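# Structural overview
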Amino acid sequence: AGEDRQLAAAAGAIGGRALAAAFRLLCEDYNSAGLPDLLLWSWHLTSAPRARFVEVKSERDTLARRQRLWLSTLRGSGAEAEVCHVRDNPVEEDFQSKLRRRKRAASDGSSEGF
């Protein structure tokens, strides 16, 4: 019962046009490859439900043809669909870049540091 309600809420947040487009694409070639990684959705009693499809990519990764097709299909049907680029080791890279800047500044005689 609770799961059915959550599924209905998610479907409502996605919207009929986007669901129809997604099912159409699935029926055309029976292949879900490229479907975005995440579905984020929320609903509140005081506002319309919202859903967003998210494809997650590392900084060295690119979208495959099927992923571009899915994003285009979803966006074309009015759904929110986006790519989220994540950084590999952001803390370490940030520290390393600050360290390089500090070393350059020291060799240039400037006072830039952490």
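Read on for a plain summary of the structure. (Residues numbered from 1 in each chain as written. Predicted model: local features only at pLDDT ≥ 70, side-chain atom pairs only at ≥ 80, totals over all residues. Heavy atoms only, no water.)

## Quick notes on the overall build of the protein chain
Inclusion rule: Helix numbers and strand numbers start at the N terminus; a helix is a DSSP run of H or I with at least 4 residues, a strand a run of E with at least 2. Each residue's exposure class comes from its accessible area (1.4 Å probe, protein chains only) as a fraction of the maximum for that residue type: buried when under 20%, exposed when over 50%, partly exposed otherwise. Note on contacts: a residue pair qualifies if any of its non-hydrogen atoms lie within 4.5 Å across the two residues. The method behind every accessible area is Shrake-Rupley, applied with a 1.4 Å probe, and residues are considered shielded solely by the protein chains displayed.
Counting its regular elements, the protein chain contains four helices and three strands. In the protein chain, which comprises 114 residues, the proportion classed as buried is 22%. Across the protein chain, contacts joining residues at least 24 apart in sequence account for 57% of those joining residues at least 6 apart. Here the protein chain has roughly 8200 Å² of accessible surface; of this, 53% comes from carbon and sulfur atoms.

## Focus: the nonpolar core
When a protein is soluble and globular, its nonpolar side chains tend to lie buried together. Cut-off, in case you're wondering: Take the buried Ala, Val, Leu, Ile, Met, Phe, Trp, Tyr and Cys residues and link them wherever side-chain atoms come within 4.5 Å; each set so joined is a nonpolar core.
Counting twelve residues, the largest nonpolar core consists of Ala13, Ile14, Ala18, Ala22, Leu25, Ala51, Phe53, Trp70, Leu71, Leu74, Ala79 and Ala81. Of all the secondary-structure elements, those providing two or more residues to this core are helix 1 (2-14), helix 2 (16-29), strand 2 (47-58) and helix 3 (65-76). With sequence-adjacent residues up to four places away left out, Trp70 is seen in contact with Ala22, Leu25, Leu26, Asn31, Ser32, Ala33, Gly34, Leu35 and Pro36.

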